[in-house]
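Here's the letter readout for the chains.
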Amino acid sequence: MTSKKETTGANAVIQSLLAEGTDLVFGYPGGAIMPIYDALYDVEDRLTHILARHEQGAIHAAQGYARATGNVGVCFATSGPGATNLITGIADAQIDSTPLVCITGQVGSKLLGTDAFQETDVIGISMPVTKWNFQVTKASEIPSAIAKAFYLARSGKPGPVLIDITKDAQFEKFEFHYKPFEGMRSYIPTPTCEANYLNEAASLINKAKKPFILFGQGVLLSGAQMAFKTFIEKTGIPSAWTIMGLSSLDSDHYLNVGMLGMHGNYAPNKLTNECDLLIAIGMRFDDRVTGNLDSYAKQAKVIHIEIDPAEIDKNVKADVPLLGDAREILEALIPIVDKRSHDNWLSEFRKLEQEEIAQVIQGELHPTGDILTMGEVIHQINELSDQKNIFVTDVGQHQMITCRYAKFKATNSSITSGGLGTMGFCLPAAIGAKMGREDAQVIAVIGDGGFQMTIQELGTIFQYKTAVKIVVLNNDFLGMVRQWQELFFDKRYASTTMVNPDFQTIVRGYGIKAKMVDQRCDLKLAVQEMLEYKSSYFLEVKVGKENNVFPMVATGASVAEIRLS
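Residues numbered from 1 in each chain as written. Predicted model: local features only at pLDDT ≥ 70, side-chain atom pairs only at ≥ 80, totals over all residues. Heavy atoms only, no water.

Engineer: Any chance you could break down the domain arrangement of the chain for me, citing the residues and the numbers?
Structural biologist: When its domains are assigned, the chain resolves into domain 1 (4-177), domain 2 (195-349) and domain 3 (372-542). When each unit is reduced to the centre of its C-alpha atoms, the spacing between domain 2 and domain 3 is 31 Å. Residue-level contacts link 17 residues of domain 2 with 20 residues of domain 3. Around 1,500 Å² of area is buried between domain 2 and domain 3 when both sides are counted, 57% of it from carbon and sulfur atoms. Counting across the domain 2 and domain 3 interface gives one salt bridge. Residue Asp252 pairs with Lys407 through a salt bridge whose shortest N-O separation is 3.5 Å. Taken together, the connections running from domain 2 to domain 3 amount to seven residue pairs in polar contact (both at pLDDT 80 or more). Residues that form the side of domain 2 that touches domain 3 fall into these classes: seven nonpolar, seven polar and three charged. (Domains from an automatic or database assignment. Contact = heavy atoms within 4.5 Å. Buried area = accessible area lost by both parts, 1.4 Å probe. Salt bridge = Lys/Arg side-chain N within 4 Å of Asp/Glu carboxyl O. Polar contact = N/O pair within 3.5 Å; in protein donor to acceptor, adjacent residues only side chain to side chain. Nonpolar A, V, L, I, M, F, W, Y, C, P; charged D, E, K, R; others polar.)

Have a look at this one:
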């Protein structure tokens, strides 16, 4: 707790952020938040502000920072359009459980509800997509509001919060003191798992002949990576990941059987409907993972480890719900589960994996034709690096290819827009990730469509000399939409052809070294140069215009109906 002293509301915002350990803020100034920016000017040696080129870029950068570091990401925006430009990022953070504190300026309290210049009801707009939001109209409310915001953003199931501060509250003076928020009776961030459920789960695990684990981001958010590895190695259970769970487990671990979902691996999708026990850890049974729920794992008992009570039984009925923190539950289970191996069951995964290698993976990673594939670009990065890169991806074919083929030996090293599927996420998120993890090689993999949605953030890279490596896989199409049009709309390519500008000229205009590759003989050298280059680097690779991502589970199909072609 700090001692009392008189200060302005604007300065109270800055001092509260410093009290919470914040050292980096992303934002864009404007009239209604100008007092806070003025207060920021005095502490630039302790609190760095990153000027994005658009508020959406600022919030995606804050997301990337939060995901790469585990800290709460912070962003500023002014009222009206500044605040509304944050909404996509807030919604993205909400569904992907990313801890953010968003602070917006607002018109003076006497002007609220008058349709004043740049007034928007950001509280009403953001309510459905925030964990909590609050409008401050008195300076004295600022310290407690920010303390509560940080507590809620990082505790339990993380998420975004928003504080909207009227301009007069920013100017008003009061006696400032800061006290960290310690909780409230109505909010239980981490439920306590019942012992009888733990014993029941252990009994099912010990008896199962074909158990199967699905693990998601909850493993990462709870810091359960080591406990998870110990658990699967003791029980010998094959384990598959959602795209948000990627990098929880070494890609080459012998019990890692691949990716779940619409463009996941053949074996884990196919064998979901043959296991006798399904153990879901920190995942929410998203429709992209389950396919048709009417035919999803009906033969299996289900254990669901989850911190959010709302997710239990929402999509898939749990026979044994284990409500609580994933790490704590796994640590409680480890002593009471038997040491086992499931070699025969695991061999079924390996057999189907060989089918996928022969029919899909070999042709994607080692193509024989003249046309470059997205997969071989990712494979080349794997081959030439230590596989401890942080991969940040946008949304589309390149995202699925990167998730499928990038190799991970470091945890918390895959950052993508999962639940919302936000095109334009990648470039600013990679900036935030690099600023949070300057020690890491951050590689942004983007399609030509998503790249142009937030291309202005090249200016942020230029201004702050952020050493992000940018790989644009350019097929001159909105590739994923085009794939669906090919497969389900008789190749009627409505509004998916991209007439792209000269990316090389644009990127070089921002002082970033750039290279374009359209021949296989040039790819290895270009990737090597990119990885070794000390500053930012842009690599554009011209890939096949009508290449598709397989395997694929069509909408409405069972996961067992996954297609290899």
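That shown, we press on.
Engineer: Before we move on, could you go through the sheet that holds strand E2 (residues 24-27) and cite the residues and values that matter?
Structural biologist: With parallel pairing, six strands are arranged side by side in an open sheet as E3-E2-E4-E5-E7-E6. With one partner strand each, in any of the chains shown, strand E3 (48-51) and strand E6 (132-136) form the two edges of the open sheet. If you compare each strand with its neighbour and ignore which way they point, the axes differ by 20 degrees on average. Pairing between strand E5 (residues 100-106) and strand E7 (residues 160-166): seven bridges, direction parallel. Following the sheet pairing, Val101 is matched in E7 by Val161. Against the sheet, helix H5 (residues 87-95) makes contact with E5 and E7, and its axis sits at roughly 145 degrees relative to E7, the strand it touches most. (Pairing = 2+ DSSP bridges. Helix = DSSP H or I, 4+ residues; strand = E, 2+ residues; numbered from the N terminus. Axes fitted to C-alpha atoms, helices over the stretch in contact; angles between N-to-C directions.)

Engineer: Explain the pairing of strand E4 (residues 73-77) to me, using residue names and the numbers behind them.
Structural biologist: Across the five residues of E4, five count as buried, placing the element largely inside the fold. Judged from the two bridges that link them, E2 and E4 form a sheet pairing that is parallel. The residue of E4 that forms the bridge with Phe26 is Cys75. Where E4 and E5 come together, five bridges link them in parallel fashion. (Buried < 20%, exposed > 50% of the residue type's maximum accessible area, 1.4 Å probe, protein only.)

Engineer: I'd like a rundown of helix H23 (residues 520-532), residues and numbers included.
Structural biologist: Among all positions of H23, only Leu523, Ala526, Val527, Met530 and Leu531 are buried. Each buried residue of H23 sits inside an arc of 130 degrees when the element is viewed along its axis, so together they form one side. Projecting away from the buried face of H23 at angles above 90 degrees are the exposed residues Cys521, Lys524, Leu525 and Glu532. At its buried positions, H23 is contacted by helix H16 (374-384), strand E17 (442-447), strand E18 (469-474), strand E19 (513-517) and strand E20 (537-542). (Arc of directions from axis to C-beta.)

Engineer: Describe the packing of aromatic side chains, and please don't skip the residues or the numbers.
Structural biologist: Enumeration over the complete set of coordinates arrives at 16 aromatic pairs. For the pair Phe477 and Tyr493, a centre-to-centre distance of 5.5 Å together with 75 degrees between the ring planes defines the contact as edge-to-face. Here Tyr493 lies in the loop between helix H21 (479-488) and helix H22 (503-509) and Phe477 lies in the loop between E18 and H21, a separation of 16 residues in the sequence. What makes Tyr493 partly exposed here is its relative accessible area of 23%. Connected via pairs of aromatic rings, a cluster forms that spans Tyr151, Phe181 and Tyr187. (Phe/Tyr/Trp six-rings, centres within 6.5 Å; stacked < 30°, edge-to-face > 60°.)

Engineer: Residue-level account of the sheet that holds strand E16 (residues 414-415), with values.
Structural biologist: Pairing between the strands of a sheet comes from backbone hydrogen bonds, and it takes one of two forms, parallel or antiparallel. Spatially, six strands are ordered E16-E15-E17-E18-E20-E19 in an open sheet, and the strand pairing comes out parallel. Since the sheet does not close on itself, it has two edges, and those belong to E16 and E19, each with one partner. Of the pairings in the sheet, the one linking E18 to E20 comprises six bridges and is parallel in character. Note that in E20 the partner of Val472 across the bridge is Glu540. Most of the contacts of H16 go to E18, to which it runs at about 160 degrees, and overall it touches strand E15 (390-393), E17, E18 and E20.

Engineer: Please give an account of the environment of Ala77 that cites residues and values.
Structural biologist: Relative to the helices and strands, Ala77 is located in strand E4. C-alpha separation for the pair Ala77 and His342, spaced 265 residues apart in sequence, amounts to 53 Å. Excluding anything up to four places from it in sequence, Ala77 contacts Tyr28, Ile33, Glu55, Gly82, Ala83, Leu86, Ile103, Thr104 and Gly105.

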